[in-house]
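Each chain, letter by letter, is given below.
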Amino acid sequence: MFEDQKLLLTGGCGTVGRELLRQLTSEYNIKNLVVLDNNESALFALMEEFRDRNDISFYLCDVRDLDALQTRFRNIDLVIHTAAYKHVILCEQSPGEAIQTNILGVNNIIRSAIDNGVKKVVFTSSDKAVNPTSVMGASKLMGERLFSAANAHSHETVFSSTRFGNVLGSHGSVIPLFHEQIKNGGPVTLTDERMTRFIMSIRQSVNLVINSIGLARGGEVFVTKMPAISIKTLAEVMIEVLAPRYGFRPEDIEISVIGSKPGEKLYEELMTSEETRRTIELEDYFVVKPALLSNFKKIDYSYLGVASETVPTAYDSSREKLMTHHELLSFLEQHGLLANAI
């Protein structure tokens, strides 16, 4: 699907953006790749890393700037939109900034893609968009809905979304925080011992995005099936493995409960009970069809390898079997999440 295509990636300096760049350039035969980001220093470092690649172009660009996006989208075939404000607390403190980037920026992506005849655009969303309790989650939900609605206004461009769980090891995720706290001798801080989360590795998140490009019909939200964990178990596993590396006994590293942050849930949701009524289950994914199907009646939502046409229950981490201590340890080791370097 990438053969001789020109692909544009927003947010190329982020954790997921960098892994997408690595996979796209090493495993696929893309004609040209355009990488956008508004982080000057990180973009320059990325450009130096790929300085020998003539098929990759790097540009300073902010998704808030419609004119700049219109210029960069010329002659582009495929777009992956990962650029966003993702930190819950910072978005709570500056909601206007979250709106500018996560909602109006998404609308700029849509307008630029339609105006330039892009074939497909995939938006990376978040589990926090499901029954949102934060500004960040609400802004991501609006992004999903804008992408679904965009298909009603475009005859050429297909717009679809992917919905991530917690990408372990990404910037701002809990693993680097726990690692640093253990390195310093503790305490390891938990907001609530009952907290559960869905988890995925960076590579799994990128696989979801890449596979979604091939599957996309228009307006869907793709949700990958993923394991659920107790955050307390994650802390215990990391203390057990990492404490001896820094000269501490595991029993000497205290776990401190500090209370939930504003807008933080005890469990995470990837699909609501309302969405299950319009969801198709594939082997590795759930496909949530648009809420207003009347707007998309000409789209054929048929996929190979359908496991079930019905999904009986909501998909949230409180309902799922949690990984055991041993299973979680194996997952972290398999994906290199317990490396010495932070």
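Residues numbered from 1 in each chain as written. Predicted model: local features only at pLDDT ≥ 70, side-chain atom pairs only at ≥ 80, totals over all residues. Heavy atoms only, no water.

Next up on the list: the overall build of the chain. From N to C terminus, the chain includes eleven helices and 17 strands. For 342 residues, the compact-globule estimate of 2.2 N^0.38 gives 20 Å, and the C-alpha radius of gyration of the chain, at 20 Å, lies within 12% of that figure. Taken over the C-alpha atoms alone, the chain extends approximately 60 × 50 × 40 Å along its principal axes. In the chain, which comprises 342 residues, the proportion classed as buried is 51%. Sequence-distant contacts in the chain: of pairs separated by 6 or more residues, those separated by 24 or more amount to 79%. About 15,700 Å² of surface is accessible on the chain, with carbon and sulfur atoms providing 49% of the total. Across the chain, the centroid of the 35 positively charged side chains sits 4 Å from that of the 43 negatively charged ones. (Helix = DSSP H or I, 4+ residues; strand = E, 2+ residues; numbered from the N terminus. Rg over C-alpha atoms; globule rule 2.2 N^0.38 Å. Buried < 20%, exposed > 50% of the residue type's maximum accessible area, 1.4 Å probe, protein only. Contact = heavy atoms within 4.5 Å. Areas by Shrake-Rupley, 256 points an atom, 1.4 Å probe, with all protein chains shown as cover. Lys, Arg positive; Asp, Glu negative; His and termini not counted. Charge placed at Lys NZ, Arg CZ, Asp CG, Glu CD.)

Strand order across the open sheet formed by ten strands is β3-β2-β1-β4-β5-β6-β10-β15-β14-β16, with mixed pairing between neighbours. Every interior strand has two partners, whereas the edge strands, β3 (56-60) and β16 (306-308), have only one. On average, each strand axis in the sheet is tilted by 25° relative to the strand beside it, whichever way the strands run. Of the pairings in the sheet, the one linking strand β1 (residues 6-10) to strand β2 (residues 32-37) comprises five bridges and is parallel in character. When the bridges of β2 are listed, lysine 6 appears paired with asparagine 32. Contacts from helix α8 (residues 202-215) reach β4 (78-81), β5 (120-126), β6 (158-164), β10 (221-224), β14 (279-282) and β15 (285-288), with the element oriented near 155° to β6. (Pairing = 2+ DSSP bridges. Axes fitted to C-alpha atoms, helices over the stretch in contact; angles between N-to-C directions.)

With that settled, consider the pairing of β6. With seven of seven residues buried, β6 lies mostly within the body of the structure. Here β5 runs beside β6; their pairing, made up of seven bridges, is parallel. Across the sheet, the residue bridging to threonine 124 is threonine 162, located in β6. The handedness of the β5 to β6 crossover, carried by helix α6 (residues 135-150), is right-handed. Where β6 lies against β10, three bridges are found, and the strand directions are parallel. By the bridge assignment, serine 161 is partnered in β10 with valine 221. (Right-handed = clockwise from strand over helix to strand, strands pointing away.)

What follows concerns the pattern of salt bridges. All told, the structure shown has 22 salt bridges when counted by the stated rule. Where glutamate 49 meets arginine 18, a salt bridge forms, and the shortest distance between an N and an O atom there is 3.0 Å. Of the two residues, glutamate 49 sits in helix α2 (residues 40-49) while arginine 18 sits in helix α1 (residues 15-27), which places them 31 residues apart along the sequence. Its salt-bridge partner being glutamate 268, residue arginine 197 comes within 3.6 Å of it at the nearest N-O pair. Of this pair, arginine 197 sits in strand β9 (residues 196-200) while glutamate 268 sits in the loop between β12 (255-257) and β13 (269-271), and the two are 71 residues apart along the sequence. Each of the two residues, arginine 197 as well as glutamate 268, counts as buried. In the salt-bridge network here, residues are joined through shared partners; they are Glu19, Arg22, Glu27 and Arg203. (Salt bridge = Lys/Arg side-chain N within 4 Å of Asp/Glu carboxyl O.)

This part covers the packing of α1 against α8. Running from N to C, α1 and α8 point in directions that differ by 65°, and their axes come no closer than 9 Å. Taken together, the axis directions place α1 and α8 in an arrangement best described as roughly perpendicular. Regarding α1 and α8, the two cross each other, and that crossing is right-handed. Of the residues in α8, those in contact with Thr15, Val16, Glu19, Leu20, Arg22, Gln23, Leu24 and Glu27 of α1 are Ile202, Arg203, Ser205, Val206, Asn207, Val209 and Ile210. (Parallel < 35°, antiparallel > 145°, perpendicular 65-115°, else oblique. Left-handed = near helix turned anticlockwise from the far one by under 90°.)

Taken in spatial order, the three strands make up an open sheet running β7-β9-β11, and their pairing is mixed. Across the chains shown, the open sheet's two edge strands, defined by having one partner strand only, are β7 (166-167) and β11 (228-230). Direction of pairing for β9 relative to β11: antiparallel, over a ladder of three bridges. What sits directly across from phenylalanine 198, in β11, is alanine 228.

Moving on: the nonpolar core. If you look at the biggest cluster of nonpolar residues, it comprises 47 residues, and the most contacted ones within it are Leu7, Leu20 and Leu21. Broken down by element, this core gets its largest block of residues, five residues, from α8. Contacts of leucine 20, omitting those with residues within four sequence positions, involve Leu9, Ile80, Thr82, Val206, Val209 and Ile210. Membership of the second largest hydrophobic core comes to 26 residues, among which are Ile175, Leu190, Ile229 and Val237. (Core = buried A, V, L, I, M, F, W, Y, C linked by side-chain atoms within 4.5 Å.)

Looking now at helix α7 (residues 174-183). Of all the positions in α7, only Ile175, Phe178, His179, Gln181 and Ile182 are classed as buried. Buried residues along α7 cover an arc of 165° about the axis, so they all sit on one side. Those residues of α7 that are buried lie in contact with β8 (188-190), α9 (231-242) and α11 (325-334). After α7 finishes, the residue glycine 185 shows a positive phi value of roughly 90°. (Arc of directions from axis to C-beta.)

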